[in-house]
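# Fold and contact review
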Amino acid sequence: MILFGHIYADTAIIFFFMDDYTPAKDYLEKALGIYQKLLPVTHKSFGNVYYHLGLILKREANYKKALLYLQKAENTFLTNNPNSFYLAFIFHETGNVYSKLSAYSKSIKKAEEALVVLDQSGIKNHPLCLHSLINIAAAYKELEQIPESLTFLNEAQELAITIVGEKHYLLGAVYER
C-alpha cells in the first residue's frame, strides 16, 4: 500500500514539471492520504509532499498557503534529518515566498539558512548558492539597504563566474539586479 503513495507522489512531480498543477495537487493529496494511514507524521515522505504542495501553491500565487506547506516540510525534515541538503531547497523556496509577501527580512533569513546548509554540506558552488545570494541582494534592495545589496550582488557575481565562467548567460541575472 505504501508503494501506491510513492507512485502517486512521483506522478504528481511529473505533472508539476509539466506545469499541470491540478492533477499534481490531486496526486499529492492521494499520496498524503496513504501516508497518513501508514506512516508516522514525522516520516520524510510527508516532507516531500508538503514541499511540492508548497511549490505548486507558490506558482499559483497562493503564498500564504504555500508558506504553511513549506513550513510543514521544514519541520518534517528538521525532525528527521536536520543536516539534509534538501533543507536548503526548502529554505530557499520559503525565502522566495516571504519575498512575494514583502516580508524581506524573513526572506533574507531563509536565504541565509539555505547558504548555511549548503556550506555545511560542503557545497559552495551550487547554483542554489547563486540564487540565494541574488535573492538576498534583491531583498536588501527592497529594504532600501543598497550597500548590503551590492555586497551580495558582488558575491553572486564572483560565484557565477566560478560556476559558469565569465561569458555565460547566467551572469545576466546578476547584472540585471
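We now turn to the structure provided with this report. (Residues numbered from 1 in each chain as written. Predicted model: local features only at pLDDT ≥ 70, side-chain atom pairs only at ≥ 80, totals over all residues. Heavy atoms only, no water.)

## Quick look at the pattern of salt bridges
Counted according to the given criterion, the structure contains seven salt bridges. Lys-25 is the partner of Glu-60 in a salt bridge, and the nearest nitrogen-oxygen pair spans 2.9 Å. Taken as a pair, Glu-60 in the loop between α3 (44-59) and α4 (63-80) and Lys-25 in helix α2 (residues 21-38) lie far apart in primary sequence, 35 residues in all. Using a relative accessible area of 33% as the deciding quantity, one classes Glu-60 as partly exposed. For Lys-110, the salt bridge identified is with Glu-74, shortest N-O distance 2.9 Å. Of this pair, Lys-110 sits in helix α6 (residues 104-120) while Glu-74 sits in helix α4, placing them 36 residues apart in sequence. For the pair Lys-110 and Glu-74, a shared accessibility class is recorded, and that class is buried. (Salt bridge = Lys/Arg side-chain N within 4 Å of Asp/Glu carboxyl O. Helix = DSSP H or I, 4+ residues; strand = E, 2+ residues; numbered from the N terminus. Buried < 20%, exposed > 50% of the residue type's maximum accessible area, 1.4 Å probe, protein only.)

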